[in-house]
Every structure is written in structure tokens, then in C-alpha cells.
Amino acid sequence: MKSLLILSAFVLVVIVVIVFRIFDCQITDKEAIKLAKNFYSKMGVDYTTEPVLEPISLGKLVAFGPKSKVLTDDEINKKIVTVINCESGEVAHFANHGLLYETLGKYTETIDNKKQIIKWPPILSEHKAKEILQSLAQKIDLPQDVEYSDLRLDKDNAIWTAHWKRKLNGIPYENDYVNVSIMATDGRFYGFNKWLKGKPCPTGVKISQDEAIKTAYERFADFFPKEKWSKNKDKFELKSAELKIVQDKSLWQKVLGLSGNSRLAWVVVYDTKPGMETETIEILRKDQSFIKVDAISKAIISTEINVVP
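Residues numbered from 1 in each chain as written. Predicted model: local features only at pLDDT ≥ 70, side-chain atom pairs only at ≥ 80, totals over all residues. Heavy atoms only, no water.

Below, the discussion takes up the pairing of strand β7 (residues 146-154). Pairing between β7 and strand β8 (residues 159-168): 8 bridges, direction antiparallel. Residue Asp150 lies in a different strand from β8, and its bridge partner there is His163. Counting the residues between successive antiparallel strands, the hairpin from β7 to β8 contains 4 residues, one of them, Ala158, with a positive phi of roughly 55 degrees. (Pairing = 2+ DSSP bridges. Helix = DSSP H or I, 4+ residues; strand = E, 2+ residues; numbered from the N terminus.)

See below:
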């Protein structure tokens, strides 16, 4: 009994140490507030109240990870949300919801006291939006390993967003990116995201694309019962097979939003052929399926098959 108590106490101490290391942030609340206000000043953000720290919640942990401090300008309305990354000491996310609400309210009309419609004024051209966004990006001082990717317009909210993708030796990190957003009506700064979780890794390819596709195809086919696969195999096709630097995460790392180990992989995508989405027999296609094959060892890193057999 005594040995069991000692073991239980030891396990509890280990758990406490691990949790402390996961959630430990070297940036104080005061420093986080100062970092946020410096960012506002640099980006020309108008704010009327002192930023305040948000308490830890499950939603924030899932959205931003444990190594973050979340600030808002208003504990109730949360018009401005700013996230400080504890590891880099930089702003990782910013959204001026108050500016969006103000813009939507300005151009929303109510008809017969019921139906609301939005009548946008002429919005900024793609050329002008790109010019403004690149100017804002220079103020933010983007990392050297990101490359401009594209510009997208959210027509529902009248927001232009420019995207930059992070690369290593010309190979993109799977989910690492930076984006900057402005209101498409007047060019005012709306939002910013910097998601850089990948780590440098060897980029020498040893497994060819054809080998990776063959390996992924075998795994995809093995997912189905043989009889169902024979009825449906001609309805699926290869959509893409691209080299990317992916995050290899354990279950706990995924749950806690922690970084994993970066690996070079072929990301192989399968899906139904055009027009075959509802033509499968005795199975339900939900979305594209992804199989990641290590580009050095040919091992399957992860499988995400979005089909219900």
C-alpha cells in the first residue's frame, strides 16, 4: 500500500511538472500588454481602453495553444483581440472586430423593419488592396522565409486578405503562413495572423513521387472492405501529390495544440471523380482524403480518410 502511494505521488508530481512546462509563459501580463500596445501604435490601431488579459479557457487553448496570452480591449464586447506568442514574444494574431461591426453597420439597410441587406460602396481594386497590404506587411516586418502567395476577397464582409507562405529550400511548410487583412471599403487595417509552428528539417528527397503515390494508394484501398472497394475504386482518383514539410504530432500534442516534429513528406490527396460525389455504392464520401508519406523513409506519417465505409 505504501509503495502504491509513493508511486501515485511520483506520477502526480511528474504530471504537475509537465503541465507547468506546457503552460509556462516567460512573458508577464504587464509585458504582454506593452507588446500589444506597441503593435497598435506601429499599425495605427485606434483603441480607447487599456488591453486586458483574458482568463484561460478551453476555446482559447484550442484556437491559440497553451503558449499564448490573449488580450482584449473590452471584457464584454471584445472589439479588439490580440494574441501574444509566449515563445517568440510577438503578436501572433490580431482582429479588430469593432472595425468590422462599424463597417457592416454603416452599409446595412433594413427593409420593412425586417429584412437586412448590405449595400457596399465601390470597394478597393485588387491592385490598390495589394499595394496597401504590402505596405502594412513591411511595418509588421515579415519573416525572411515567407513568400507572397495570393490575395483573396471576402465579399460577405468586404475584407481583402493577403497571404504569405513559409518555405524551406523552396518547399512549403504545410500549415505555416502569415496573412494581413484590410477593410475593402477604405483600406483600414483589420487583421493579422502569424502561424509558424514548423521547424527546419532535412529536405533531401529519397522517395519519388510515383513511389509515394503507390504507397498512399495501397493504404487508401486497404481502408475499405474488399467488396466495397471493388464497387467503388473506379469512382476515386488522385487529386494531387505535393512535397511539404509537415508536423508529425502525438495525440497529446494535437490535443494541447503543441508543436510536433517537422518531416519532409509527400502529401497525397484522393477524392471522388467530378460528378461521382453521390454515386458511390454502400459508402459515404465526406471530403478529400489525405495520406502523408515520409519522403525519406517511405513510412506512412498520417492518414485522414474522409469516407464512411
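Next, the rest of the story.
For helix α5 (residues 126-140), built from 15 residues, the straight-helix expectation of 21 Å at 1.5 Å per residue is met to within 8% by its first-to-last C-alpha distance of 21 Å. Elements that come into contact with the buried residues of α5 comprise α2 (29-43), β7, β8, β9 (171-183) and β10 (189-195). Looking at the residues trailing α5, positive phi occurs at Asp141, about 65 degrees. (Expected span 1.5 Å × (residues − 1). Contact = heavy atoms within 4.5 Å.)

Evaluated as defined, the whole model comprises 18 aromatic pairs. Centroid distance Tyr217 to Trp229: 5.9 Å. Interplanar angle 65 degrees. Geometry classified as edge-to-face. Linking Tyr217 in helix α6 (residues 209-222) with Trp229 in helix α7 (residues 226-232), this pair joins segments that are 12 residues apart in sequence. The class of Tyr217 is partly exposed, set by a relative accessible area of 38%. When its relative accessible area of 11% is taken as the criterion, Trp229 is described as buried. Between the aromatic rings of Phe223 and Phe224, the centroid separation amounts to 5.3 Å while the plane-to-plane angle is 90 degrees, which identifies the pairing as edge-to-face. For Phe224, a relative accessible area of 5% corresponds to the buried category. Grouping aromatic residues by their ring pairs yields a cluster made of Tyr217, Phe220, Phe223, Phe224, Trp229, Phe236 and Tyr270. Over the ring of Tyr173 we find Arg166; its NZ or CZ atom is 4.0 Å from the centre of that ring. (Phe/Tyr/Trp six-rings, centres within 6.5 Å; stacked < 30°, edge-to-face > 60°. Buried < 20%, exposed > 50% of the residue type's maximum accessible area, 1.4 Å probe, protein only. Lys NZ or Arg CZ within 6 Å of the ring centre and 35° of its normal.)

Our next topic: the environment of Asn85. Summarising the element assignment, Asn85 is placed in strand β3 (residues 80-85). Considered as a pair, Asn85 and Trp195 are 110 residues apart in the sequence and their alpha carbons are 9.9 Å apart.

Further remarks concern unusual backbone geometry. Unlike most non-glycine residues, Asp141 shows phi in positive territory, near 65 degrees. Structurally, Asp141 can be placed in the loop between α5 and β7. On the basis of relative accessible area, Asp141 is assigned to the exposed category, the value being 58%. The residue Glu282 is not glycine, and still its phi comes out positive at about 65 degrees. Mapped onto the fold, Glu282 is located in the loop between β12 (261-272) and β13 (284-285). Since its relative accessible area comes to 49%, Glu282 is described here as partly exposed.

Tracing the chain through its elements places Gln247 in strand β11 (residues 236-248). One polar contact links the side chain of Gln247 to the main-chain carbonyl oxygen of Lys197, over a distance of 3.3 Å. A polar contact of 2.7 Å, which involves the side chain of Gln247, links it to the side chain of Ser262. (Polar contact = N/O pair within 3.5 Å; in protein donor to acceptor, adjacent residues only side chain to side chain.)

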